[in-house]
Amino acid sequence: MWGYIARRLLQTIPVVLGATLLIYAMVFLQPGDPIVALFGEKPVSETARAQIEAQYHLDQPFIVQWLLFLKGAMVGDFGLSYSGQPVSDLIARALPVTFQLAFMALVIEAVLGVIAGFYAGLRRGKIFDSTMLVVSLIVIAIPIFVLGFTMQLVFGVQLGWVPPTVGGNVTFTNLVLPAVVLGLVSFAYVLRLTRTSVIENLGADHVRTALAHGVPRTQVNRRHVLRNSMIPVVTYLGADLGTLMGGAVVTEGIFNINGIGNLAYQAILRGENPTVVSVVTVMVLIYVVMSLLVDLLYAALDPRIRYV
Amino acid sequence: MSDPTASAEQPLPGQNHFVADIEQTPLEATGTVDTTEAPKSQWKEAWKVLKGNWLFWVSAVLLLFILVIVIVPGLFSGVDPRSADLSKSLQGPQSGHPFGFDKQGYDVYSRVIHGARASVVVGLLTTIIVMIIGIITGALAGYYGRWVDAFVSRVTDIFFAIPLLLAAIVGLSALNNIWPDRGYWGGVIAVVIALAAFGWPQFTRIARGAVLEIKHLEFVDASKAIGSSQMKTLFSHIIPNSLAPVIVTATVSLGVYIVAEATLSFLGIGLPSSIVSWGNDIAAAQSQVRTGSNLHVLLFPAGGLALTVLSFMLLGDAVRDALDPKVRK
């Protein structure tokens, strides 16, 4: 078990290095002078330019910049943004908000998706199943931002149940609507995945054997069908936390939430390169940790899997 | 020594029960099966299932219809989607203009018709590109194994670790700097590049898995035994036989990429606003329906987009049901 974890952690090193290098190259190997962008209309004096170049290592070759970034990142120091704030402070402010939002979305989609998918699979071809399939297709087909501002309009503006935008007022109740919007698409995927998995397992030999042994149907469904159907669903959910944090760009934009997605988006638009690479690095780390957790969770779900 | 004539009447060793004459056995029925007939291919079997699925026909007809709109939009709307008449700003549906006008006084119906092209082309091109890259890299990794597999798998891990939407935004902002003023097709292709650059690993993984499943089967050995080169084995036997899961994912992904394009345009970084597209029109509509009035401005482009994506999803579902024996009833 510990050997397996150690090996998996070693495997993640090239992934993290590669992903940061890739994003670093995309952000920094662009034509255009960030210093000119920083000064806008004003002329840049030579001394100021030299000082800023030294401060942000812009005078170094690209690969050295990347290595210096990694060196800082390892101790949680992402350097300064072009506007002079420590990037780690910006992330520390935004990350908990997005984490709360993404986690709420994950819980909503997991609970609702699994329950609906499980019953749809058990009642394949019946009215509940067909309704759920149509609902899931519609949710996937309508872009998240259309769903987002339709729900904002209905629940926020017209019914007034929740404030239409969150702003600085991040509370659990204020985040419920954004979390529902964020989790909706994944809810549809979880539902479909659970349903397919349940249908496959219902026809499996071990289920037939359990029934032949006289185990009650409800117990078979719960212990043999549902539990075995969870394996692909857990894989999906684990990878989905990363997607949710990326997808938060749209949701946070609509509901004006100062999270990591908004931070990344604004940074990209403003050419705040240090912030962009730092935020993406954090997201890559979250993804890597989540996939490790998912792999370990397998053992709990499927006793056949042993880690050596 | 035993007498050979006597042994004919004795039961043979192990034959201590009655054995019927060949004429009396149902084995005769073997003659009625035509063994010279070629076995049906996976695709022919799938087509047979597909033909009987009404969802397939609904989605196929819808997609055909959408395809005609994409190729010849002029057939459906003679109104120029770029001619604005401010005096008609935000007017509702009326005769000659079934979807009404938006704030700029554009004819919404004409824009929905002409906006189809950008969305569908982005979806189709992206899917084709990621399929080609995914099949080739996945097949090579699955077939050759060892360091090729290790290398391809680590590279896909790297691309997978970055959230698609965020990566596409960064990629597009880079492309905006490198390649400004790129016109209609340039704008479309930039979005395709950004989505494909981070979309292919999904297909690599699926293709690799499919190749791993079949590469030890007899027909692969047979191909090698008759002296085919490795490339010939890979391209004429392994790849065609591992396409099914890739095609299923592709039909669903087509819809996903169309939604992604709209999302990027909504964020103001996808297609330039000069390009008539559903994503741009939905983004513009957001500020026009804030109070709950003028819903037609939002409803029709969003409806067009949803209908297209829905058709691809339904097609994907039908194709999966036809190709995957596990979920067949």
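Residues numbered from 1 in each chain as written. Chains lettered and ligands numbered in written order. Predicted model: local features only at pLDDT ≥ 70, side-chain atom pairs only at ≥ 80, totals over all residues.

Before going further, it helps to examine the overall build of chain B. Counting secondary structure elements, chain B contains 12 helices and 0 strands. Overall, chain B shows an N-to-C arrangement of helices and strands of α-α-α-α-α-α-α-α-α-α-α-α. Counting contacts in chain B only where the partners sit at least 6 residues apart, residues at least 24 apart contribute 71% of the total. (Helix = DSSP H or I, 4+ residues; strand = E, 2+ residues; numbered from the N terminus. Contact = placed C-beta atoms within 7 Å.)

Each helix and strand in chain A was counted, giving 12 helices and 0 strands. Ordering the α and β elements of chain A from the N terminus gives α-α-α-α-α-α-α-α-α-α-α-α. Its C-alpha atoms give chain A principal-axis dimensions of about 85 × 55 × 30 Å. A burial count over chain A gives 39% of its 308 residues as buried. By sequence separation, contacts in chain A at least 24 residues apart represent 74% of the contacts at least 6 residues apart. (Buried ≥ 20, exposed ≤ 12 C-beta atoms within 10 Å, placed from the backbone.)

Our focus in this paragraph is the interface of chain B and chain A. With 34 residues of chain B in contact, the opposing surface of chain A contributes 42 residues. Listing elements by their share of the side of chain B that touches chain A, those giving two or more residues are helix H5 (146–161), helix H6 (164–178), helix H10 (243–266), helix H11 (278–288) and helix H12 (295–323) of chain B. The class makeup of the residues in the side of chain B that touches chain A is 24 nonpolar, 7 polar and 3 charged. (Nonpolar A, V, L, I, M, F, W, Y, C, P; charged D, E, K, R; others polar.)

Turning our attention to the nonpolar core. Counting residues in each nonpolar core, the largest one holds 169 residues, and the members touching the most others are B:Ala168 and B:Ile169. Each residue touching B:Ile169, except ones within four places of it in the same chain, is listed here: A:Tyr265, A:Ile268, B:Leu264, B:Leu267 and B:Ile269. (Core = buried A, V, L, I, M, F, W, Y, C linked by C-beta atoms within 7 Å.)

The next thing to look at is unusual backbone geometry. A positive phi angle, near 50°, is found at A:Asn256, a position not held by glycine. Among the residues examined, A:Asn256 registers 14 C-beta atoms within 10 Å and is labelled partly exposed. Notably, B:Arg146 is not glycine yet its phi reads approximately 45°, a positive angle. With respect to the helices and strands, the residue B:Arg146 is situated in helix H5.

Residue and element names in this part refer to chain B. At a closest axis distance of 5 Å, the pairing of helix H4 (residues 108–144) and helix H7 (residues 183–214) adopts a crossing angle of 35°. Considering how the two elements wind past one another, H4 and H7 form a crossing that is right-handed. A class-by-class count of the residues in the contact of H4 with H7 yields 23 nonpolar, 7 polar and 2 charged. (Axes fitted to C-alpha atoms, helices over the stretch in contact; angles between N-to-C directions. Left-handed = near helix turned anticlockwise from the far one by under 90°.)

With that out of the way, let us pick up the confidence of the model for chain A. Mean pLDDT over chain A: 82, with 95% of residues reaching 70 or higher. When the elements of chain A are averaged for pLDDT, helix H2 (residues 34–39) of chain A gives the smallest value, 67, and helix H5 (residues 87–122) of chain A the largest, 89. (pLDDT = per-residue confidence, 0-100.)

Turning to helix H1 (residues 2–28) of chain A, a few remarks are in order. Spanning 27 residues, H1(A) covers 38 Å between terminal C-alpha atoms, matching the ideal 39 Å at 1.5 Å per step. Every buried residue belonging to H1(A) is among A:Val15, A:Ala19, A:Thr20, A:Leu22, A:Ile23, A:Tyr24, A:Met26 and A:Val27, and all of these are buried. (Expected span 1.5 Å × (residues − 1).)

Once that is clear, we can look at the packing of H4(B) against H5(B). Residues and elements named next belong to chain B. Where H4 meets H5, the axes come as close as 7 Å, and the angle between the chain directions of the two elements is 140°. Classified by the interaxial angle, the pair formed by H4 and H5 is oblique. Judged by the twist between their axes, the crossing of H4 over H5 is left-handed. Along the contact surface, H4 presents Thr137, Leu140, Ala141 and Tyr144, while H5 presents Arg146, Val148, Asp149, Val152 and Ser153. Among the residues forming the contact of H4 with H5, the class breakdown is 5 nonpolar, 2 polar and 2 charged. (Parallel < 35°, antiparallel > 145°, perpendicular 65-115°, else oblique.)

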